[in-house]
Amino acid sequence: MNSISVRIKRLREAGGLTQSQLGANLGVTSVAISRWEGGLNLPKASRLLQLADFFNVNADWLKTGIQKVGQRQFVDIPFYRNVSVSAGTGCFCSEEYLDGMVSINKESLSKASSLKNLACISVSGVSMEPVIRDGGIVAIDLGSTNIHDGSVYAIYQNGELRLKRLFNMPLGLKIVSYNTEFSDEFYDHNTLSLDGTFKIVGRAVWYSSSF
């Protein structure tokens, strides 16, 4: 979803333009705009520069989703605001839809299996404070579901989406919060596999507490 087609559409919508209006400004038909936004065609290099100039954005960012600021590169990761991961008692919102992008320093995502596997969601609750604060945002690597002891994961458990540190134990799984006011949880491997209510969604590879 993080593609040039998405970026063109969002820039157009942010500017309050119809496909016909954007096409008129660029000297192309509305059909051409529709095909760009639908991913059926990609704009030629000259049109890409024209689009970047029209919307006053960086051409490299428009093409790749990555932009350089000084010596840093930033990549846009899809943000699902209404998918809230709990750092407490558990909170889940079933209305999952894309609500913009979060620009993250590419170097901060070095642990990700692939940038294409990343999705940003918001945090609700205080059990992961002071490291991950209530109201923060985390980037989840949906392609990383194997447990690395002590790493933070988004997990589904009993219909709730939770954010916790996971540890493999000889007889089961230990679920730990950063906040010491929350007790550790222990689950038998057989119980988890049989009840079907537990699933590792992905590993948290980046978080921000400034939102």
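Figured I'd write up the structure that's included with this text. Just so you know, these numbers come straight off a predicted model, no measurement behind them.

Parameters and conventions
Residues numbered from 1 in each chain as written. Predicted model: local features only at pLDDT ≥ 70, side-chain atom pairs only at ≥ 80, totals over all residues. Heavy atoms only, no water. Helix = DSSP H or I, 4+ residues; strand = E, 2+ residues; numbered from the N terminus. Buried < 20%, exposed > 50% of the residue type's maximum accessible area, 1.4 Å probe, protein only. Contact = heavy atoms within 4.5 Å. Axes fitted to C-alpha atoms, helices over the stretch in contact; angles between N-to-C directions. Parallel < 35°, antiparallel > 145°, perpendicular 65-115°, else oblique. Nonpolar A, V, L, I, M, F, W, Y, C, P; charged D, E, K, R; others polar. Pairing = 2+ DSSP bridges.

A cis geometry characterises the amide bond from Glu129 onward to Pro130, with omega recorded as 5°. By the element assignment, Pro130 lies in the loop between β4 (118-124) and β5 (137-141).

Tracing the chain through its elements places Asn41 in the loop between α3 (30-37) and α4 (45-55). The partly exposed category is assigned to Asn41, whose relative accessible area is 35%. Excluding residues that lie within four positions of it along the chain, Asn41 makes contacts with Arg35 and Trp36.

This paragraph deals with the packing of helix α2 (residues 19-26) against α3. At a minimum axis separation of 8 Å, α2 and α3 run at an interaxial angle of 110°. By the angle between their directions, the pair α2 and α3 is classed as roughly perpendicular. Residues Gln19, Ser20, Leu22, Gly23 and Leu26 of α2 pack against Ser30, Ile33, Ser34, Trp36 and Glu37 of α3. Considered class by class, the residues forming the contact of α2 with α3 number four nonpolar, five polar and one charged.

For strand β10 (residues 198-208), a buried count of nine out of 11 residues is recorded, marking the element as mostly surrounded by other parts of the structure. One ladder, built from five bridges, connects β5 with β10; its direction is antiparallel. Residue pairing in the sheet places Ala139 in a bridge with Trp206 of β10. The sheet contact formed by strand β6 (residues 152-157) and β10 spans five bridges and is antiparallel.

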